[in-house]
Amino acid sequence: MKIPSMVRSLTSLQLNRRRIPPFANSRTLLDAPSRPFSTALSESQELNEFMEYMEKLKNYEKTGVPKGAGTDSGDGFDLGRMRRLLHNLGNPQSKFKAVHIAGTKGKGSTAAFLSSILRAEGYSVGCYTSPHIRTIRERITLGTNGAPVSAKALSSHFDKIKEAVDMAVKLEKGHLSQFEVLTAVAFSLFAEEKVHFAVIEAGLGGARDATNIISTSDLAASIITNIGEEHLAALGGSLESIAVAKSGIIKEGRPVVLGGPFLPHIEHIIRDKALFMCSPVISASDAGNRSVLKGFSRACETPRQLCDILLLIERDLRVFIELFDVQLRLLGSHQLQNAATATCTALCLRDQGWKLSDASIHTGLECAYLLGRSQFLTFKEAEMLGLPGATILLDGAHTKESAQALVNMIKVALPEASLVLVVAMANDKDHLGFARVLLSAGCLEAVCFTEIDIAGDRSRTTSSSLLKDSWIQASTEMGCDFLDCKTAKYNLIEDQHSQFEGKMGCQSVLFAEGSLMDSIRIGNEILGAKSGTQSGIIVVTGSLHIVSAVLGNKTFPLSLKPKSQSGLVLSQNEVGGPTLKICSNRWDHFRYCCLDSTVPRFDICKLLHLPGFCLYNEQLIELLVRVLYLGALHNTTYFLTLYCLCIDPRVKFEKMIGSELTLPRDCRC
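Along every chain, residues carry numbers that run from 1 in the direction the sequence is written. Two thresholds apply to this predicted model, a pLDDT of at least 70 for residue-level local features and 80 or more for giving and counting side-chain atom pairs, whereas whole-chain, interface and lining totals are computed over all residues. As a rule here, side-chain values cover all heavy atoms of the structure and leave hydrogens and water aside.

Engineer: Hey, could you go over the sheet that holds strand β5 (residues 140-141) for me, with residue numbers and the actual values?
Structural biologist: Sheet architecture is open: seven strands sit in the order β5-β4-β6-β3-β7-β8-β9, paired in mixed fashion. Looking at the sheet topology across the chains shown, the edges are occupied by β5 and β9 (281-283). DSSP-based pairing: two strands are paired if at least 2 bridges between them are found. Counting from the N terminus, the helices are DSSP H or I runs at least four residues long and the strands are E runs at least two residues long. In this sheet, strand β8 (residues 256-258) lies alongside strand β7 (residues 219-224) in parallel orientation, the contact comprising three bridges. For Ser222, the partnering residue across the bridge sits in β8 and is Val256. Of the strands in this sheet, β4 (125-128), β5 and β6 (197-201) are in contact with helix α7 (residues 178-193), which crosses β4 at around 175 degrees. Between two residues, a contact is recorded if the distance between any of their heavy atoms is within 4.5 Å. Axis lines are fitted to C-alpha atoms, over the contacting stretch for helices. Their N-to-C directions set the angle, which ranges from 0 to 180 degrees.

Engineer: Outline the sheet that holds strand β13 (residues 375-376), listing residues and values.
Structural biologist: Spatially, β13-β14-β19-β15-β16-β18-β17 is the arrangement adopted by the seven strands of the open sheet, whose pairing is mixed. The sheet is open, and its two edges are formed by β13 and β17 (482-484), each paired on a single side. Where strand β15 (residues 418-423) meets strand β19 (residues 536-541), six bridges bridge the pair, whose relative direction is parallel. Paired with Val420 across the strands is Ile538, a residue of β19.

Engineer: Please give an account of the packing of aromatic side chains that cites residues and values.
Structural biologist: Pairing of aromatic rings covers Phe, Tyr and Trp, the last counted by its six-membered ring, and requires centre-to-centre distances within 6.5 Å; plane angles under 30 degrees mean stacked, over 60 mean edge-to-face, and any other angle means tilted. Enumeration according to the criterion identifies twelve aromatic pairs in this entry. Between Tyr53 and Phe158 the ring centres are 5.1 Å apart and the planes differ by 65 degrees, which places this aromatic pair in the edge-to-face class. Of this pair, Tyr53 sits in helix α2 (residues 48-55) while Phe158 sits in helix α6 (residues 151-171), placing them 105 residues apart in sequence. Both residues of the pair, Tyr53 and Phe158, count as buried. Working definition: with a 1.4 Å probe on protein chains only, accessible area under 20% of the residue-type maximum means buried, over 50% means exposed, and in between means partly exposed.

Engineer: If you had to explain the side chain of Ser109 to someone new, which residues and values would you point to?
Structural biologist: Relative to the helices and strands, Ser109 resides in helix α5 (residues 107-120). Classification of Ser109 as buried rests on a relative accessible area of 5%. Non-local contacts of Ser109, meaning those with residues more than four positions away in its chain, are made with Leu330, Gln335, Asn338, Leu370 and Arg373.

Engineer: Can you explain the environment of Ser241? Please cite residues and give values.
Structural biologist: Relative to the elements of secondary structure, Ser241 occurs in helix α8 (residues 239-246). For Ser241 and Gly70, which are 171 residues apart along the polypeptide, the C-alpha to C-alpha distance reads 9.9 Å. Ser241 has contacts with Leu235 and Gly236, leaving out every residue within four places of it along the chain. Contacts described as polar in this section are N or O atom pairs within 3.5 Å, which, within protein, must combine one atom able to donate a hydrogen with one able to accept it, while residues neighboring in sequence count only if both atoms come from side chains. From its side chain, Ser241 meets the backbone oxygen of Leu235 in a polar contact 2.8 Å long.

Engineer: Describe in detail helix α10 (residues 333-351), supporting the description with residues and values.
Structural biologist: A rise of 1.5 Å per residue sets the reference length of α10, with its 19 residues, at 27 Å; its end C-alpha atoms lie 27 Å apart and thus fit the reference within 8%. Taken across its 19 residues, α10 has 15 buried, putting it largely inside the fold. Backbone geometry just after α10 places Gly353 at a positive phi near 110 degrees. What a helix is expected to span follows from its residue count: subtract one and scale by 1.5 Å.

Engineer: Give a detailed account of the pairing of β7, specifying residues and quantitative values.
Structural biologist: Within β7, six of the six residues are buried, which leaves the element mostly enclosed by the surrounding structure. Bridging between strand β3 (residues 97-102) and β7 involves five bridges; their strand directions are parallel. Opposite Ile101, over in β7, you have Ile223 as the bridge partner. We call a crossover right-handed when, viewed with the strands running away from us, the connection from the first strand over the helix to the second turns clockwise. Of the crossover connections in this fold, the one passing from β7 over α8 to the parallel β8 is right-handed.

Engineer: So what about the packing of helix α14 (residues 431-439) against helix α15 (residues 464-478)? Which residues, and what values?
Structural biologist: Put simply, α14 and α15 touch, their axes get as near as 9 Å, and they point 55 degrees apart. Relative to α15, the element α14 lies oblique. Relative to α15, the crossing made by α14 is right-handed. The segment α14 lies against α15, with His431, Leu432, Phe434, Ala435, Arg436, Leu438 and Leu439 engaging Leu467, Ser470, Trp471, Gln473, Ala474, Ser475, Glu477 and Met478. Here the word oblique covers every angle except those under 35 degrees (roughly parallel), over 145 (roughly antiparallel) and from 65 to 115 (roughly perpendicular). Left-handed is the label given to a crossing in which the near helix is rotated counterclockwise from the far helix by less than a right angle, and right-handed is the label when the rotation is clockwise.

Given below as structure tokens:
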């Protein structure tokens, strides 16, 4: 086989098998594949020690939660561990007033609304939520501006408390989880910063969640947003058992705010618990909530919905407010309900004597924002993904209820738009129920099923083919016409256009594709072919993990701050030139393109189709390394994406994990 001169020139590269400590003395060129929910991320040198420490702890987000772990029973998590850990840290949870939030959906949005309201009044607020999208620091926000804790502050604080944490880990014989330790770190930071309020989102359930160690005297209010069928096995197997678990955050005599709406018998369970605890109940789904969504605007690149929030609730505790023309950045009728829930809580705090003006509530609601919740990418962000002019909506919906909320939002925001869905999900979700809801959206041109890491691991990932099978079943049950494409390569669909002519125009195209970015690209091509000049929208959904993967991609050009995607780390070698360490075993396919047409193109795609050029040929890897190195060397804007179209069982890149590729200082292309 004749190899191009560019490949032949790579003979000077040396493949070294010597192991080096991860991220030692390195600056990230392109980190390991996107691991948005895992502490394996190396986002800065300052957090290396913290990240490595956390990675050694049990991570139930990666492995899945044990059966019954969230129930108040012998199978439930042991809150004694958390109490002993916090005792070692001086019981920081007793040094601030807390608002504790549980619920199946809407916890993060309600926390964002309430934190923003409190900050608008001038209070210093700590907010603890999960999961995160881009960085673990998002889970902890501090102060009056709502920014994530800085890497320096988090690292410095962890250094101060590490000895106490070490003692607790040893005492518990390794049973402390990553979430328990991170929760303790957050509480300790809140205490050190002397926040006025801490808004705390429960991780799983409520009764046995690590956050449920707040005493009655330190709790300002509890919030239960809603109850749905998620984490069924971990929370007892029924809606009723989930309601019991989540009502475990109610404390004696402290007010509880209900979001809702709830099924009558589920609300009865929660109210019974509140009655037993002598806790007043304020319901944001009471008939006195006359809030209304009046319109939707995309006049600027930040879409907003115009609402009136009108509350007059007189049961247990009187709540009254009238806020007109509130422009919410969080979109959908479900977000209006979350805003009303946060407003009820703010009024509850005002009843306790805390200063909270109507103007601050109005301002706080308008300023609240969360990544990955009905998030429209800007035109620039779409262009950075290689899709100029495309309308792309990111939403982390992964249950039937959140899928319905997504459908409702789209019908209000873009009622005439044709849709292409790009879907990836975890294996513990209701794929069939999710599909049924989204198939009811109408104007569905195509659905692409792809795969992403869940908490930095594939153990909870659903294969794209299994997802497609669920949608085929749902489509058949609902009588929806669909075209099952056996290939995801759109050029092959075009080649066989005569076969599909007369069908693609009236049927939803279903296809499975291993690569997220190829899925979006192919979906965009199908949308353009089928909808023509009509408005169309690409909706990326099924998990916050897929949202995270897209947001990681959009900052991928090397002239900007690169995010984790390629599995290479650039560091300075004492003898040779820069060293690129291989951190991933998913090297089965590469595609390279260039955002700037003035930069010379090196088309790796064409090399893949050369006769005899194997996908697992090490020279291909070396070629990729050369391209990446030149881009970094010359500060050139490149856009590189990893694709996993078809995994050849002969590919054995596991042997290369931990290897280094050392480039000579004077390497030239």
